[in-house]
Amino acid sequence: MTLVTQAVIFAAQAHDGALRKGSETPYIVHPMEVVSIAATLTDDPQVLAAAALHDVLEDCDVEYETLCQQFGQRVANLVRAESQIRGGNPCQSWGVRKRDAVRRLAGGCRATKIIAIADKLSNMRAISRDYAREGETVFLRFHQQDKRMHAWYYRSCAAQMEGELGLTQAFCELTMLIDRVFGGVPSLEPEEGGQTACAG
């Protein structure tokens, strides 16, 4: 069994029963799409395995040490680089978590940015589809409901990935979708070190 197949099975088991936010879509569809997008940018099996596993530390009862044991330290480190801090009220901590994610992305290697762009593109595809159908109410499903802050986050992530991946089809699609959903919306950056209160 290949490393990628092992990672896909592990991710499917870890996310079993979970649904995509605001939908009835099984959550595992998202990691599978992330793997598919990442595969257009690399054939490195460790990067593709990490793409499949990219949310298991953040969203599932999985420890870093478990990933090291089963998939090796490089895969575990790539997953950890894509994982946001856990704990506390996710609504109040939104700004802290997203600022940290942008900083980690800024210092990341090409492999981490491949996983990140695949993740963000998958998310933006879903947001764009739902936005076309539901309009502004799509943002009510998130912990942070201020569209301006989502605009800041996705634009900031894209800016950190442009130097490494700016000429790729994935980056072009990502920026097109960001413009489609957030065009004309000003970016609102969360305060440094502060908690970002939001409804819900």
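Notes on the structure follow.

Parameters and conventions
For every chain, the first residue of the written sequence is number 1, and numbering continues from 1 onward in sequence order. Only residues with pLDDT of at least 70 get local features here, since the model is predicted, and only at 80 or more are side-chain atom pairs given and counted; chain-wide, interface and lining totals rely on the full set of residues. As a rule here, side-chain values cover all heavy atoms of the structure and leave hydrogens and water aside. Going along the chain from the N terminus, every DSSP run of H or I of four or more residues is numbered as a helix, and every run of E of two or more is numbered as a strand. The span one expects for a helix is its residue count, reduced by one, times 1.5 Å. Between buried and exposed lies partly exposed: a residue is buried under 20% and exposed over 50% of the maximum accessible area for its type, with that area taken using a 1.4 Å probe on protein chains only. Residue contacts follow a heavy-atom distance rule, with two residues in contact if any of their heavy atoms lie within 4.5 Å. Only buried residues count toward a nonpolar core. Its members are Ala, Val, Leu, Ile, Met, Phe, Trp, Tyr and Cys residues joined through side-chain atoms within 4.5 Å. When a carboxyl oxygen of Asp or Glu lies within 4 Å of a side-chain nitrogen of Lys or Arg, that pair is called a salt bridge.

### Quick word on helix α7 (residues 94-106)
Here is step 1 of the chain: The terminal C-alpha atoms of α7 lie 18 Å apart, and with 13 residues this matches the ideal 18 Å at 1.5 Å per residue to within 8%.
Here is step 2 of the chain: Every buried residue of α7 is listed here: W94, G95, R97, K98, R99, A101, V102 and L105.
Here is step 3 of the chain: Looking at the buried positions of α7, the neighbouring elements they touch are α8 (110-134) and α9 (147-165).

### Some thoughts on the nonpolar core
Here is step 1 of the chain: L53, L67 and M124 are the most contacted members of the largest nonpolar core, which totals 60 residues.
Here is step 2 of the chain: Ignoring sequence-local partners within four residues, the contact set of L67 consists of F10, L53, V56, L57, V62, G72, A76 and V79.

### Points about the pattern of salt bridges
Here is step 1 of the chain: Within this structure, the stated rule accounts for 14 salt bridges.
Here is step 2 of the chain: Close ionic contact of D44 with R74 constitutes a salt bridge, the shortest N to O distance being 2.9 Å. Within this pair, whereas D44 is found in the loop between α2 (29-38) and α3 (45-53), its partner R74 is found in helix α6 (residues 73-81), the two being separated by 30 residues in sequence.
Here is step 3 of the chain: Exposure remark for D44: the relative accessible area of 22% places this residue in the partly exposed category.
Here is step 4 of the chain: Residue classification places R74 among the partly exposed positions, given a relative accessible area of 35%.
Here is step 5 of the chain: Note that E136 is salt-bridged to K147, the shortest N-O span being 3.1 Å. Taken together, the positions of E136 in the loop between α8 and α9 and K147 in helix α9 put the pair 11 residues apart, joining distant regions of the chain.
Here is step 6 of the chain: Given the relative accessible area of 12%, K147 is considered buried.
Here is step 7 of the chain: Each of D130, R133, E134 and R141 takes part in salt bridges that share partners, so that together they form one network.

Everything listed is a geometric property; what it means functionally is a separate question.
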